Amino acid sequence: YTRGTVTAFSPFDARADAEALRKAMKGMGTDEETVLKILTGRNNAQRQEIASAFKTLFGRDLVDDLKKELTGKFETLMVSLMRPAYLFDAHALKHAIKGAGTNEKVLTEILASRTPAEMQQIKQVYLQEYEANLEDKITGETSGHFQRMLVVLLQANRDPDAGVDEGLVEQDAQVLFRAGELKWGTDEEKFITILGTRSISHLRRVFDKYMTISGFQIEETIDRETSGDLEKLLLAVVKCIRSVPAYFAETLYYSMKGAGTDDDTLIRVMVSRSEIDLLDIRREFRKNFAKSLYQMIQKDTSGDYRKALLLLCGGDDE
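Residues numbered from 1 in each chain as written. Predicted model: local features only at pLDDT ≥ 70, side-chain atom pairs only at ≥ 80, totals over all residues. Heavy atoms only, no water.

- An unreviewed UniProt entry annotates the protein as Annexin of Grallaria varia.
- Per UniProt, the comment on the protein under Sequence similarities (unreviewed entry) is "Belongs to the annexin family." (UniProt positions renumbered as here; feature names shortened; annotations may be inferred.)

In structure tokens:
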């Protein structure tokens, strides 16, 4: 993971940072600028060290103080940055499946984009933190083919990338063609199995072959042959197989496009990708949307929230 915008700060002094944060939040009024500069300028591991120094020095919980002193979207962003990386996804999933209504968008985004190794870690952390099995929770709140595809992705058993067998590529492409375009109704199971278990390099070849056989992009077929949550999930999976950064660039674009901003998505993607591939996401964004991510954040947000997001973004791509 070297394609993040946020890297380890050096020379790092957890105690000095903790002291500066305490000073920024003590007494009347808060010095938000100091808070945002420190928290966006350190990586997640360093933020955890700051929190621990903060408790040692002042006997106070840094996250509790942030929640008391800050408000709104800026507070949400700062608190999100303080969540240990592996816990970030587990927490997002927990809140996506809690109480009335399930947030399918969050389930789709996380399960479609995380690597098998990340997925195994999320399941483990979920169990430790919430003493519950993530798969059970998700199956309890979802149904039908959407649920089946989520369960396949949760298994995190995608074939490893090895040499591509052209015969199998041809076979899978034909199966998908017969399961979709050529069939009255759709055989969703075939789409779920192939898209959920084959290796990334194999599937990229399958998509090319599918186009040759059918004259359609696989996305067009999914769009026509499926609907609702299943359609959105299958499309997200296909996009992530083609390019995870391109998928997130599009996710960010639509979180800000049009009236109103989907701040939950904007925060979730900026925080969760800041140490992984945000540089690549920025490049894809510039390529596909004729403006930079930096410019769009600047236009769409305001105040300390904007300042912090722009620092996470890490630069403009003219």
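A word on the overall build of the protein
- Each helix and strand counted, the protein has 20 helices and zero strands in total.
- Scaling as 2.2 N^0.38, a compact globule of 318 residues should have a C-alpha radius of gyration of about 20 Å, and the protein matches this with 21 Å.
- Projected onto its principal axes, the C-alpha positions of the protein cover 70 × 45 × 40 Å.
- Within the protein, the fraction of its 318 residues that count as buried is 48%.
- In the protein, the share of contacts with a sequence separation of at least 24, taken over all contacts with a separation of at least 6, comes to 71%.
- When the accessible surface of the protein is summed, it comes to about 14,900 Å², and 49% of that surface belongs to carbon and sulfur atoms.
- Here the protein contributes 44 positive and 51 negative side-chain charges, whose respective centroids are spaced 3 Å apart. (Helix = DSSP H or I, 4+ residues; strand = E, 2+ residues; numbered from the N terminus. Rg over C-alpha atoms; globule rule 2.2 N^0.38 Å. Buried < 20%, exposed > 50% of the residue type's maximum accessible area, 1.4 Å probe, protein only. Contact = heavy atoms within 4.5 Å. Areas by Shrake-Rupley, 256 points an atom, 1.4 Å probe, with all protein chains shown as cover. Lys, Arg positive; Asp, Glu negative; His and termini not counted. Charge placed at Lys NZ, Arg CZ, Asp CG, Glu CD.)

Concerning the nonpolar core
- Met78, Leu195 and Met270 are the most contacted members of the largest nonpolar core, which has 96 residues in total.
- If near-sequence neighbours (up to four positions away) are discounted, Met270 is found in contact with Leu252, Leu278, Leu293, Ile297, Leu309, Leu312 and Cys313. (Core = buried A, V, L, I, M, F, W, Y, C linked by side-chain atoms within 4.5 Å.)

Digging into the pattern of salt bridges
- Evaluated as defined, the whole model comprises 25 salt bridges.
- Residue Arg282 is joined to Asp317 by a salt bridge in which the shortest nitrogen-to-oxygen separation is 3.1 Å. Of this pair, Arg282 sits in helix H18 (residues 278–289) while Asp317 sits in the segment after helix H20 (303–313); the two residues are 35 residues apart in sequence, bridging distant segments of the chain.
- Taking the relative accessible area as the measure of exposure, Arg282 reaches 8% and is therefore buried.
- Residues Lys307 and Asp304 are paired through a salt bridge, measuring 3.8 Å at the closest nitrogen-oxygen approach. Linking Lys307 with Asp304, this pair stays in helix H20, spanning three residues, or about one helical turn.
- In this structure Lys307 comes out as partly exposed when scored by relative accessible area, which is 38%.
- Assessed through its relative accessible area of 22%, Asp304 is described here as partly exposed.
- Linked by salt bridges that have partners in common, Glu33, Lys37, Asp304 and Lys307 make up one network. (Salt bridge = Lys/Arg side-chain N within 4 Å of Asp/Glu carboxyl O.)

Remarks on the environment of Ser214
- Locating Ser214 in the fold gives a position in helix H13 (residues 200–214).
- For the pair Ser214 and Phe177, spaced 37 residues apart in sequence, the C-alpha to C-alpha distance is 6.8 Å.
- For Ser214, the side chain forms a polar contact with the main-chain oxygen of Tyr210, separated by 2.8 Å.
- Engagement of the side chain of Ser214 in a polar contact is seen with the backbone nitrogen of Phe216, the distance being 3.0 Å. (Polar contact = N/O pair within 3.5 Å; in protein donor to acceptor, adjacent residues only side chain to side chain.)

A look at the domain arrangement of the protein
- By domain assignment, the protein separates into domain 1 (14–85), domain 2 (93–155), domain 3 (166–242) and domain 4 (244–313).
- Each of domain 2 and domain 4 has a C-alpha centre, and the two are 24 Å apart.
- Between domain 2 and domain 4, the contact holds seven residues from the first and eleven residues from the second.
- Counting each side, the surface lost to burial between domain 2 and domain 4 is near 670 Å², with a carbon and sulfur contribution of 47%.
- By the criterion of area lost to domain 4, the three top residues of domain 2 are Glu109, Ser113 and Arg114, representing 64% of everything that side buries.
- Where domain 2 meets domain 4, there are two salt bridges.
- Linking Lys105 and Asp262 is a salt bridge whose minimum nitrogen-to-oxygen distance equals 2.7 Å.
- For the side of domain 2 that touches domain 4, the element with the highest residue contribution is helix H7 (residues 104–113), accounting for five residues.
- For the side of domain 2 that touches domain 4, a count of residues per class yields one nonpolar, two polar and four charged. (Domains from an automatic or database assignment. Buried area = accessible area lost by both parts, 1.4 Å probe. Nonpolar A, V, L, I, M, F, W, Y, C, P; charged D, E, K, R; others polar.)

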